[in-house]
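What the coordinates show
Spelled out, the chains give:
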Amino acid sequence: MEAIVLAGGEEAWAKRYGVRSKALVPYRGRPLAEWVLAALEGAGLSVVYVGENPGLSPAPRLTLPDQGSLLANLEAALAHVEGRVLVATADIPHLTPEAVRFVLEQAPRAALVYPIVPKERVEARFPGNRRTYARLKEGTFTGGNLLLLDKALFFQALPLARRVVALRKNPLALARLIGLDVLFKLLLGRLSLAEVEARAQRLLGVEARALLTPYPEVGVDVDREADLVS
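Below is a short write-up of the structure. Since the structure is predicted, the reported quantities are computational estimates derived from the model, not experimental observations. (Residues numbered from 1 in each chain as written. Predicted model: local features only at pLDDT ≥ 70, side-chain atom pairs only at ≥ 80, totals over all residues. Heavy atoms only, no water.)

**Here's the deal with the pattern of salt bridges**
When the charged atoms of two side chains lie near each other, side chains of opposite charge can form a pair. Just so we agree on the cut-off: Here a salt bridge means any side-chain nitrogen of Lys or Arg lying within 4 Å of a carboxyl oxygen belonging to Asp or Glu. We count a stretch as a helix when DSSP gives it H or I for four or more residues in a row; a strand needs E for two or more, and each element gets its number in order from the N terminus. Relative accessibility decides the category of a residue: with a 1.4 Å probe and only protein chains considered, values under 20% of the type maximum give buried, values over 50% give exposed, and everything between is partly exposed.
Scanning the model with the defined rule gives 16 salt bridges in all. Its salt-bridge partner being glutamate 52, residue arginine 20 comes within 3.6 Å of it at the nearest N-O pair. Note that arginine 20 is positioned in the loop between strand S1 (2-6) and strand S2 (26-27) and glutamate 52 in the loop between strand S4 (46-50) and strand S5 (62-64), a separation of 32 residues in sequence. Arginine 20 gets classed as partly exposed once you look at its relative accessible area, which sits at 47%. Salt bridges linked by common partners bring Glu10, Arg20 and Glu52 together as one network.

Rendered as structure tokens:
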């Protein structure tokens, strides 16, 4: 299996460090992206990297230029891999080979697998870190910055993904797409993980599963400059 690292885009605050991309901002002596590349290599994966690469180490197998959007970057990278692939963002510097191997070894056989982390795990490992959580019947979780994806799924789900991106500033329309029944149950804390998976499968047309992981490193990213002190 190969991995894709998405490192495109620009952050205004990154320019204070002499770079345009957040992926190249230094963290503990290395660019953020290098921590991710090292973890993936340690787990035995070769990498297709999308974004500016000034000589990152360990070197990815292939570097592609930023295409201007997350979906376009993912589509470009998928043209160079086959089958199932692990997708990661370049801003998760705490990622470890152990966490990556857990995802690879424990993931169910589904076209799309999305790791989720219990809130208590995040707070125990990264106290004070601000994350976005969803309260479900089974507990409160944050999503990971990793995704196991079947290549064929991406192209099947691409029209839906484009709709979601287009509606991101129209909450009501986005809610209608997802389903108001699901959103109401989520707000009330009555939505189950199985219901989330079923709705995702209905929307995408393929089996989508969540993977409960004890490794908060997969879900704690650098969203803003203050996160660099974590």
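Now, onward.
**Considerations on helix H2 (residues 70-78)**
Spelled out, the test is: The arc in question is the one spanned by the directions pointing from the helix axis to the C-beta atoms.
Along H2, the residues classified as buried are Leu71, Asn73, Leu74, Ala77 and Leu78. Along H2, the residues classed as buried sweep out an arc of 160° about the axis, all on the same side.

**A short note on helix H3 (residues 97-106)**
What counts here: Any two residues whose heavy atoms approach within 4.5 Å at even a single point are treated as in contact.
Every buried residue belonging to H3 is among Ala99, Val100, Phe102 and Val103, and all of these are buried. Mapping the buried residues of H3 onto a view down its axis gives an arc of 155°, with all of them on the same face. Contacts from the buried residues of H3 go to helix H1 (32-42), strand S6 (84-89), strand S7 (112-118), strand S10 (146-150) and strand S11 (208-212).

**Overview of unusual backbone geometry**
Going from serine 57 to proline 58, the amide bond is cis rather than trans, its omega being 0°. The phi dihedral of arginine 28 is positive, around 50°, even though this residue is not glycine. You can see arginine 28 is positioned in the loop between S2 and strand S3 (30-31).

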